[in-house]
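# Topology and contacts: notes
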Amino acid sequence: MTVNEPARAPVGVSQAASLSAYRRVVAVRLRDLALLPALVALIVVGTFISPVFLSPANITTILTSSAALALLVLAESLIVITGKFDLSLESTFGFAPAIGAMLVLPAANYGFGIQLPTAVGLLVIVLIGAIIGFVIGFMVVGLRLNAFIVTLAMLIIVRGMLVGATSGRTLFDLPDAFYALMTVTLVGLPLSVWLAALAFFIAGIVLRYHRLGRALYAIGGNAEAARAAGIRVERVTWGVYVLAGVLASIGGLVTTGYVGAISANQGNGMIFTVFAAAVIGGISLDGGKGTMFGALTGVLLLGVVQNVLTLAQVPSFWIQAIYGAIILGSLMVARVTGGEAQE
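Residues numbered from 1 in each chain as written. Predicted model: local features only at pLDDT ≥ 70, side-chain atom pairs only at ≥ 80, totals over all residues. Heavy atoms only, no water.

## A look at the overall build of the chain
- Scanning the chain from N- to C-terminus turns up 14 helices and two strands.
- The burial tally for the chain puts 45% of its 343 residues in the buried class.
- Taking the intrachain contacts of the chain between residues at least 6 apart in sequence as the baseline, contacts between residues at least 24 apart amount to 75%.
- Carbon together with sulfur atoms contributes 69% to the accessible area of the chain, which is approximately 16900 Å² in total. (Helix = DSSP H or I, 4+ residues; strand = E, 2+ residues; numbered from the N terminus. Buried < 20%, exposed > 50% of the residue type's maximum accessible area, 1.4 Å probe, protein only. Contact = heavy atoms within 4.5 Å. Areas by Shrake-Rupley, 256 points an atom, 1.4 Å probe, with all protein chains shown as cover.)

## Points about unusual backbone geometry
- The residue tyrosine 110 is not glycine, and still its phi comes out positive at about 70°.
- The residue tyrosine 110 is located in the loop between helix H4 (89-104) and helix H5 (118-142) in this model.
- A positive phi angle, near 50°, is found at aspartate 173, a position not held by glycine.
- When you line up the elements, aspartate 173 lands in the loop between helix H6 (147-166) and helix H7 (180-183).
- For aspartate 173, a relative accessible area of 59% corresponds to the exposed category.

## Points about the packing of H4 against H5
- Close contact between H4 and H5 brings their axes to 8 Å; oriented N to C, the two are set at 150°. When the axis of H4 is compared with that of H5, the two are roughly antiparallel. At the point where H4 passes H5, the crossing takes the right-handed sense. For the pair formed by H4 and H5, the contact residues are Thr92, Phe95, Ala96, Pro97, Ile99, Gly100, Leu103 and Val104 on the first element and Thr118, Gly121, Val124, Ile125, Ile128, Gly129 and Ile132 on the second.
- Classifying every residue of the contact of H4 with H5 by side-chain character gives ten nonpolar, five polar and no charged. (Axes fitted to C-alpha atoms, helices over the stretch in contact; angles between N-to-C directions. Parallel < 35°, antiparallel > 145°, perpendicular 65-115°, else oblique. Left-handed = near helix turned anticlockwise from the far one by under 90°. Nonpolar A, V, L, I, M, F, W, Y, C, P; charged D, E, K, R; others polar.)

## A few points about helix H8 (residues 191-209)
- Here H8 contains 19 residues, and its C-alpha end-to-end distance of 27 Å stays within 8% of the 27 Å for a straight helix at 1.5 Å per residue.
- Within the sequence span of H8, burial applies to Ser192, Val193, Ala196, Ala199, Phe200, Ala203 and Leu207. Considered in projection along H8, the buried side chains sweep an arc of 130° and stay on one side of the axis. Residues of H8 that are exposed and point over 90 degrees away from its buried face: Phe201 and Tyr209. (Expected span 1.5 Å × (residues − 1). Arc of directions from axis to C-beta.)

## Re the confidence of the model for the chain
- For the chain, per-residue confidence averages 88 on the pLDDT scale, and residues scoring 70 or more make up 87% of the total.
- Residue range residues 339-343 is modelled with pLDDT below 50. Its contacts to residues more than four positions away, or to other chains, number twelve contacts. (pLDDT = per-residue confidence, 0-100.)

## With respect to the pattern of salt bridges
- Enumeration according to the criterion identifies four salt bridges in this entry.
- Of the charged contacts, one joins glutamate 234 and arginine 227 as a salt bridge, the two residues approaching to 2.6 Å between their closest N and O atoms.
- One continuous salt-bridge network, built from bridges that share partners, spans Arg144, Glu224, Arg227 and Glu234. (Salt bridge = Lys/Arg side-chain N within 4 Å of Asp/Glu carboxyl O.)

## Notes on the environment of valine 254
- Take valine 254: it is sitting in helix H11 (residues 233-259).
- By relative accessible area, valine 254 is classed as buried at 0%.
- For the pair valine 254 and serine 192, spaced 62 residues apart in sequence, the C-alpha separation works out to 6.3 Å.
- Filtering out sequence-adjacent residues up to four positions away, valine 254 remains in contact with Ala67, Ala68, Leu71, Leu181, Met182 and Ser192.

## Re the nonpolar core
- With 87 residues, the main nonpolar core has Val73, Leu74, Leu171, Leu174, Met292 and Leu301 as its most contacted residues.
- Here the element with the most residues in this core is helix H3 (residues 56-81); it accounts for 14 residues.
- Those residues within four positions of leucine 174 in sequence are excluded, and the remaining contacts are Ala101, Leu105, Tyr179, Thr256 and Ile262. (Core = buried A, V, L, I, M, F, W, Y, C linked by side-chain atoms within 4.5 Å.)

## Structural notes on the packing of helix H2 (residues 35-49) against helix H13 (residues 292-311)
- For the pair H2 and H13, interaxial distance at closest approach is 10 Å and the crossing angle is 20°. In terms of their interaxial angle, H2 and H13 are classed as roughly parallel. Note that H2 runs across H13; the crossing there is left-handed. Note on element contacts: H13 touches H2 through Phe293, Gly294, Thr297, Gly298, Leu300, Leu301, Val304, Val305, Val308 and Leu311, opposite Leu35, Leu36, Ala38, Leu39, Leu42, Val45, Gly46 and Ile49.
- Looking at the contact of H2 with H13 residue by residue, the class counts come to 14 nonpolar, four polar and no charged.

## Some details on a nonpolar patch on the surface
- Together, Leu123, Leu127, Ile131, Phe134 and Val135 give the surface a local cluster of nonpolar side chains, amounting to about 460 Å² of exposed area.
- Structurally, leucine 123 can be placed in helix H5. (Patch = residues over 30% accessible without salt bridge, like charges linked within 9 Å, V, L, I, M, F, W, Y side chains within 5 Å.)

## What to know about the environment of asparagine 265
- Considering the arrangement of structural elements, one finds asparagine 265 in the loop between H11 and helix H12 (270-280).
- A residue is classified by how much of its surface remains accessible, and asparagine 265, at 48% relative accessible area, is partly exposed.
- In this structure the C-alpha to C-alpha distance between asparagine 265 and phenylalanine 95, which are 170 residues apart in sequence, comes to 9.2 Å.

In structure tokens:
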């Protein structure tokens, strides 16, 4: 070897590094596909429980009822990938549509009596979600407060504002546009299902191929290293909180169309189901790991579970206990397929 010739890594070291990288890729693929056997098993069970399980109407019901949850899971997954949390999404889920509706409704229908145009009310719903996300981002990123405590406080605050603004009432007789995501169909499915599918598709493409997606993983993996690599950690994290707030508000509008009204407890307790879907879908609570395909399969698994339990006439109060068992089972699957448990 001459003086100017660069040193070469031993062949054995290079092969070992390649093998290690290959194993990591395989582990990620296994985590993504880990829920598919469970989904197939549930489908088989569902066909034995009820002959209507595989009917087009029931499949549409599963997809329709899962659309709002999917948007919330997408929002939470993006935040968790960056290594943060947002417990307040369930409150935004109810608060944003309620305020938008009350700006449109007359006082006789428990509105504010302002009776703004419907389009303005819909725009306000999205803006409220963005504002709540912006405020949380300011406290978590700007003031460097603990994300768990901040979002827990915001959950309580926004929930209280929702109950106070509506006086505990349920809002009915909303403009037709508030129901459009559920009443307008395309190829037999409501717009809400297509919207959720499109949102997951775009997020999956961005996370896999765009530099912004790589930045999210880098921030969740090691924020300091990401900052040293030139990634604007604070700006990206703040933006994810804003985006999550917008997704939560749209998800609330989807539920409004599904239920046909807005109650004072809309979204109450939903965050547990959101985390269940994200965790069983392979989103690591440590940050920096997880895919949108995995998160989507988590949503579909819980949707199928709930549908099967309903067809089997299992009491609804057992569903949460079953969700908890599913989370524990998913952690064990993650241990086997990924070689490490999520702590």
